[in-house]
Amino acid sequence: MDSTDTDTRGNVAESPSTFRSTLSQVLGATAFGFVIMGVGLIFGMPTIVIGELMKPNATTIHGVAFDDYSASWFGSIIFISQPIGSLTSGFLQDLFGRKRCMLVVTIPQMIGWLLLYSADSVPWLYTAVTVMGLSVGFMEAPVLSYIGEITEPRLRGVLSSIAGIFLNVGIMLECYIGALTDWRSLALISALGPVLIFILLSQVPESPAWLVYKGRVSDAERALCWLRGWVAPIHVSKELSSLVAHVDQRNVRIVKAKDQDYHQVPSHDIGNQKRAKRSETMQNIHYFLQPATQRPLKLILIYFFCSHCASLIGVRPFLVQIFDSLHFPIDSKWVVVMVGTLQVLGSIGCMLVMKLLGKRGLSFLSMSICVICAVAISVYVVLGVNPPWVPMILFCVLFFAAQLGIGSIPWMLISEVFPIQGRGIAGGVSAACGYSFIFIVTKFYINLEQWFSMWGALLVYAVVGLWGIIYLYFCLPETEGKTLQDIEPYFLTKRERERLEKSHSIKNLPVEI
C-alpha cells in the first residue's frame, strides 16, 4: 500500500497503518468467533450430561437417567436438527444479512439452555438439544461467510481459523465447568453465553460483500472503512471498486443508491425480462445449482464426511464411558478436560502454521496422524496390553491432530470456494450436510461398537479417513493466500473459463486443476 493517497479534492491523506487494519479485522472476526464459542459450549455439553446420566445411581441423584439407546439419541439428535437451521440460514442470510441473523438466533439458544436446566425427563432433554441444534445450525454458515468476506487475503486463513479456536475454547470451558459442577448448574452458567454474544455482535458492521450484493454500496463503504482500520472512504475506494466489479462480473444486479461513483453495467447473460423479474430467492437457487457451485460443494461434503470419521467426532459424546472402560490412570472427567485443552492448542497450532503448510499440507498431516492413532488404539485394544496410559496418549494426540487441520479447514473452505451469488445457500447446505454426517457417525457409533466392538468401530472410521486422504490429494486445491476472485476459477472447466474471460476480459486466471 502506498504511504499516501489523494482524494477528489486533491488533498493528501495518509494510508491506514497495517496494524490498525489488522486490528479492526481481528475485532470483527473475534466478535463472530464468540458465536462459534457458543456452539462449542453446546458441543461439549452432551459428553458431560451423558457421563452423569449413565451412572447407575443417576435416577436417584438427578431424577432422570440414560440407557445406551437414549444416550445415543441425546448425543446425536443435536446434529440432525442442525441441518434444518443451516438450510434456513442459507436463505435468510442472503436476504437479511449475516449480522442480523446472528443477533436473532441468540434467543432460541438461550431458551435451549434454560430448557436443559429445567428438564426432568428424557423427552424434555431431547427437546432442549433439538432447540440448541436448530440454533447452532443457523449460526454456522453466516459466521463463516462473514469472516471470509471481511478479511483481506493476507489474514483470511489465520482469521478463518479463529472459528476453530473459539469452537474448541467453548468445548474446553464446558468440560472444565462440567468437571467442577453438576450438569444442571452447567446449563445455567452456559445460558449467559448468548447474552455476551448479542452484546459483541451489536458492535461490528455488516459484511461489505453482502451489502454490495444488495445494492447498498454506500453502507458497504462505511463497513469497509471500519474493517480497514477506521479510515476515511478514500482508503477503501479501490477495494470497493474491485468488490463492485467482481459482483457485476458474476452477473449480480447492483442498484446504486445515493453515490453515483459506482454503477451497474448491464449483464449480457440476463437478457430477458422474465428471468430479470425472478424473485431473489429463486435467483439464488439458480446460482446454487450451477456447476461452478456444485463442484466445490462436492469437495466440501466428501471432506466433511472423511474428516468426521478420521477425527472420531462421533465418539466424543461417549468419551467418559470409553475412558472408564480402558481404566485410565486419571479420572475420566479430567481426561476429557485434557482432551478439550489439547483441542484448543491444536486450533492455535492450525492458525500458526497455516501460512507455512497451507490448507492442503495441513489436511494431509492432520488426517494422516488421526488415521494412524485410530489404528494404533484399535491394535492396543485387541492385544489388551499394558500400560493403560498408552491409549490415553493416543487419544490425546488424535484429538490434538484433528484440530490442527481437518477439524477446521473444511469450515474455512465454505467461506472461500463458493461464488458470491448463492454463497449463503451453498454455505447453508454445506453446514447442513456436515452436521448430518456428524449425526450419522455419532448415532451409529453404538451400533458399530455392538457389531464390531470398540476397536472395530475405530478401525472403520480409520479406513474412511484413509480414503479421504487419497481423495483430497487429487481434488483439494490450495486456497491459502488467494483472493476470492482467484479461487473461483479453480472450479471452472476450460470452456467456462474461456467464456468468462471473453465476457468480462478477465486475465491471468489460475491454472485449472
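Scoring rules and cut-offs
Residues numbered from 1 in each chain as written. Predicted model: local features only at pLDDT ≥ 70, side-chain atom pairs only at ≥ 80, totals over all residues. Heavy atoms only, no water. Helix = DSSP H or I, 4+ residues; strand = E, 2+ residues; numbered from the N terminus. Buried < 20%, exposed > 50% of the residue type's maximum accessible area, 1.4 Å probe, protein only. Contact = heavy atoms within 4.5 Å. Areas by Shrake-Rupley, 256 points an atom, 1.4 Å probe, with all protein chains shown as cover. Phe/Tyr/Trp six-rings, centres within 6.5 Å; stacked < 30°, edge-to-face > 60°. Lys NZ or Arg CZ within 6 Å of the ring centre and 35° of its normal.

Comments concerning the overall build of the protein
For step 1, the next point in the chain: Helices and strands together make up the secondary structure of the protein, namely 22 helices and two strands.
For step 2, the next point in the chain: Across the 513 residues that make up the protein, the buried fraction comes to 58%.
For step 3, the next point in the chain: For the protein, restricting intrachain contacts to residue pairs at least 6 apart in sequence, the fraction spanning at least 24 positions comes to 79%.
For step 4, the next point in the chain: For the protein, the computed accessible surface area is about 20800 Å², with 65% contributed by carbon and sulfur atoms.

A closer look at the packing of aromatic side chains
For step 1, the next point in the chain: By the definition in use, this model includes 18 aromatic pairs.
For step 2, the next point in the chain: A ring pair is formed by F43 and F79, whose centres lie 5.4 Å apart and whose planes are at 55°; its orientation type is tilted. Note that F43 is positioned in helix α1 (residues 18–53) and F79 in helix α3 (residues 68–96), a separation of 36 residues in sequence.
For step 3, the next point in the chain: The class for F79 is buried, based on a relative accessible area of 4%.
For step 4, the next point in the chain: Taking the centre distance of 6.0 Å and the plane angle of 40° together, the rings of W73 and F439 count as tilted. Here W73 is found in helix α3, whereas its partner F439 is found in helix α19 (residues 423–443), with 366 residues between them in sequence.
For step 5, the next point in the chain: Given a relative accessible area of 27%, W73 falls into the partly exposed group.
For step 6, the next point in the chain: Each member of the aromatic cluster is reached from another via a ring pair, and the members are F43, F79, F304, W411 and Y435.
For step 7, the next point in the chain: Over the ring of Y473 we find R360; its NZ or CZ atom is 5.9 Å from the centre of that ring.

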